[in-house]
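Structural overview for review
Below are the chains, spelled out letter by letter.
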Amino acid sequence: MQNNADTSGLMVAERRRHILSALERDGKVVAAELSRAFGVSEDTVRRDLREMANEGLLQRVHGGGLPLARVNPSFPARERQQPRVKEELARAAATLIKKGQVVFIDSGTTNVAVARHLPRDLEATVVTNSPPVAIALSEHPRVEVVLLGGRMRKDPLAAADAVTIAGVRQIRADLCYLGVCTLDPTFGITTVDLDESYVKRAMVEASAEVVALVTADKLGTVSPYVVAPLGELTWLFTERGVSKEALAPYREAGVTITQALETETDPAQALSPRDEPGG
C-alpha cells in the first residue's frame, strides 16, 4: 500500500495541491525544483506528476509538467471568446503588411479579425487555407485572395491535407500570420491536430517572417504536435495584462513583442530580430 505521507511531512494530496498551485502561478513545474521544495526524491515527484497526468490534471513533459492545452471548441464558439481582445490584437497586427507583399493568413478566429482590419487602400496578395478569411477579404477593393485547396476540416474551418501543403510550397511569402493554439518558450509552437501541424510548418518554412496573435491563456501551454521552435517566430502580439516576467523568455529568444494597444514599439516601424545587426 502506498504511504499517504512522506519525509517532508506533506500528505500526498496536499503535495499535489501545491503542485497545481505552482503550475497555475508559474505556468510550469520542474521536477528537480519540486523535489528540493518538498524534501522528497525526484522519483516521488515524477510519480506524482505521472499520476496527475493520468488524472487529466496536467501535461507530463520531460523534467516536469505543464498546464493542459484546452480542447478547442467549435469555430462559432471561439468567435464568441474574448472578442474585444482579439479585435485589439488584430488591429495592431494588421499594420505589419506592406504594399505589394505576399502574405499567408492561416486559419483561426483572430486571423479572421486581422483580415477584417487590413487597410482599405492596401495592395497585397493574401494566401489562405481558411474560407472565413477569404470571405472576410472578398469585398476588399485591392487585396488579391488566393484560397488554398484540400480537404476542409470542419472544426477549424480550414483546408489541411497534402494538397494544401503542396500549394503552400509553391509560394515564398513575405509574412505569415500563423494560427497558434499553444505557445511555450521551451516547446515552441504546437497544435492539437497532426494534419494542421504539417500545414502550419510548411507556412513557417515558406515565409520570411512569422506573426502570432496569442491571447494570454495560450501562453505557456503545450499541445501534442510540434509546428516550429520559438526561434522561428518573429512577432508576438498578446494582451496588455501579461507580465514582463512571463514574456521574458520570448524576448530572450529574439521575438519582438507588442501587447495589444500598449505597444513597446510601433510594429510598422520596428526592426524585426532578423533585421537587426548580427541577427
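Scroll up a little and you will see the structure.
Residues numbered from 1 in each chain as written. Predicted model: local features only at pLDDT ≥ 70, side-chain atom pairs only at ≥ 80, totals over all residues. Heavy atoms only, no water.

**A look at the nonpolar core**
Here is the rule: Only buried residues count toward a nonpolar core. Its members are Ala, Val, Leu, Ile, Met, Phe, Trp, Tyr and Cys residues joined through side-chain atoms within 4.5 Å. Throughout this description, buried means an accessible area under 20% of the type-specific maximum (1.4 Å probe, protein chains only), exposed means over 50%, and partly exposed covers the range between. The helix count covers DSSP runs of H or I at least four residues long, the strand count covers runs of E at least two residues long, and both are numbered beginning at the N terminus. Working rule for contacts: check all heavy atoms of both residues, and any pair within 4.5 Å makes them a contact.
Judged by nonpolar contacts, the single largest core of 32 residues is most densely connected at F104, L178, L183, L219, L233, L236 and Y250. Those elements that provide at least two residues to this core are α8 (162-168), β9 (173-178), α9 (194-205), β12 (207-213), β13 (225-228) and α10 (244-252). Ranked by residue count, the leading element in this core is α9, at four residues. Not counting residues up to four positions away in its chain, the partners in contact with L178 are D106, N111, I189, K200, V204, V210, V211, A212 and V227. One finds L96, V112, L122 and L213 within the second-largest nonpolar core, a separate group that totals 28 residues.

**What about the sheet that holds strand β3 (residues 64-66)?**
Counted only if it meets this: Two strands qualify as a pair provided that DSSP identifies no fewer than 2 bridges between them.
Spatially, β1-β3-β2 is the arrangement adopted by the three strands of the open sheet, whose pairing is antiparallel. Bordering the open sheet on either side are β1 (29-30) and β2 (59-61), each of which pairs with just one other strand. The sheet contact formed by β1 and β3 spans two bridges and is antiparallel. Bridge pairing in β3 links V30 to G64.

**Focus on empty space enclosed by the protein**
Quick note on the threshold: A 1.4 Å probe that fits but cannot get out identifies a cavity on a 1 Å grid over protein atoms alone, an open set with protein on both sides within 12 Å along at least five of seven lines counts as a pocket, and a residue lines either if it has an atom within 4 Å of a point. Grid points are joined across faces, edges and corners, and a volume is the space filled by probe spheres set on the points. Classes in brief: Ala, Val, Leu, Ile, Met, Phe, Trp, Tyr, Cys and Pro nonpolar; Asp, Glu, Lys and Arg charged; the others, Gly included, polar.
What the rule picks out here adds up to one cavity of 30 Å³ or more. When its volume is computed, the largest cavity comes out at roughly 30 Å³. In terms of lining residues, the largest cavity is bounded by D106, S107, N129, A158, A159, A160, E196, V199 and K200. Secondary-structure elements contributing two or more residues to the lining of the largest cavity are β8 (158-159) and α9. Broken down by class, the residue content of the lining of the largest cavity amounts to four nonpolar, two polar and three charged.

**Description of the sheet that holds β13**
Where we set the bar: Orientation is described by axes fitted as lines to C-alpha atoms, over the contacting stretch for helices, and by angles from 0 to 180 degrees between their N-to-C directions.
The strand order β10-β11-β13 describes an open sheet built from three strands, whose pairing is antiparallel. With partners counted over all chains shown, the strands left at the sheet margins are β10 (182-184) and β13, one partner each. Sheet twist, expressed as the mean angle between neighbouring strand axes with direction ignored, is 35°. Relative to β13, strand β11 (residues 188-191) is paired through three bridges, and the arrangement is antiparallel. Bridge pairing in β13 places T191 opposite Y225. α9 rests against β11 and β13 of the sheet, and its axis sits at about 10° to β13.

**Regarding helix α1 (residues 12-26)**
To keep things clear, this is the line we draw: Here a helix's expected span is defined as the number of its residues, less one, multiplied by 1.5 Å. To be clear, the arc concerns the directions from the helix axis to the C-beta atoms.
Compared with an ideal rise of 1.5 Å per residue, which puts 15 residues at 21 Å, α1 spans 21 Å between its outermost C-alpha atoms and is within 8% of the ideal. Of all the positions in α1, only V12, R15, R16, I19, A22 and L23 are classed as buried. Projected onto a plane normal to the axis of α1, the buried residues spread over an arc of 115° and lie on a single side. Across from the buried face of α1, at angles greater than 90 degrees, the exposed residues are R17, E24 and R25. Elements that come into contact with the buried residues of α1 comprise β1, α2 (31-38), α3 (42-54) and β3. In the segment just after α1, G27 is the residue with positive phi, at about 80°.

**A word on the packing of α2 against α3**
Relative placement of two packed helices is described by the angle separating their axes and the distance separating the axes. Which entries qualify depends on this criterion: In a left-handed crossing the near helix is turned counterclockwise from the far helix by less than a right angle, and in a right-handed crossing that turn is clockwise.
Following both chains from N to C, one finds α2 and α3 inclined at 115°, their axes separated by 8 Å at the closest point. When the axes of α2 and α3 are compared, the crossing they make is right-handed. Within the contact between the two elements, α2 uses A31, A32, L34 and S35 and α3 uses E42, V45, R46 and L49. Of the residues contributing to the contact of α2 with α3, the split by class is five nonpolar, one polar and two charged.

**Description of the pattern of salt bridges**
Quick note on the threshold: Salt bridge, as used here: a side-chain nitrogen of Lys or Arg that lies within 4 Å of a carboxyl oxygen of Asp or Glu.
The tally for this structure, following the rule as stated, stands at 13 salt bridges. We note a salt bridge from E51 to R16, for which the minimum N-O separation is 2.5 Å. Within this pair, whereas E51 is found in helix α3, its partner R16 is found in helix α1, the two being separated by 35 residues in sequence. For E51, a relative accessible area of 23% corresponds to the partly exposed category. The partner of R46 in a salt bridge is E42, with the nearest N and O atoms 3.3 Å apart. One end of the pair is R46 and the other is E42, both in helix α3 and four residues apart, which spans about a single turn. Under the relative-accessibility criterion, E42 is labelled partly exposed at 34%. Because the salt bridges share partners, they merge into one network encompassing R15, R16, D48 and E51.

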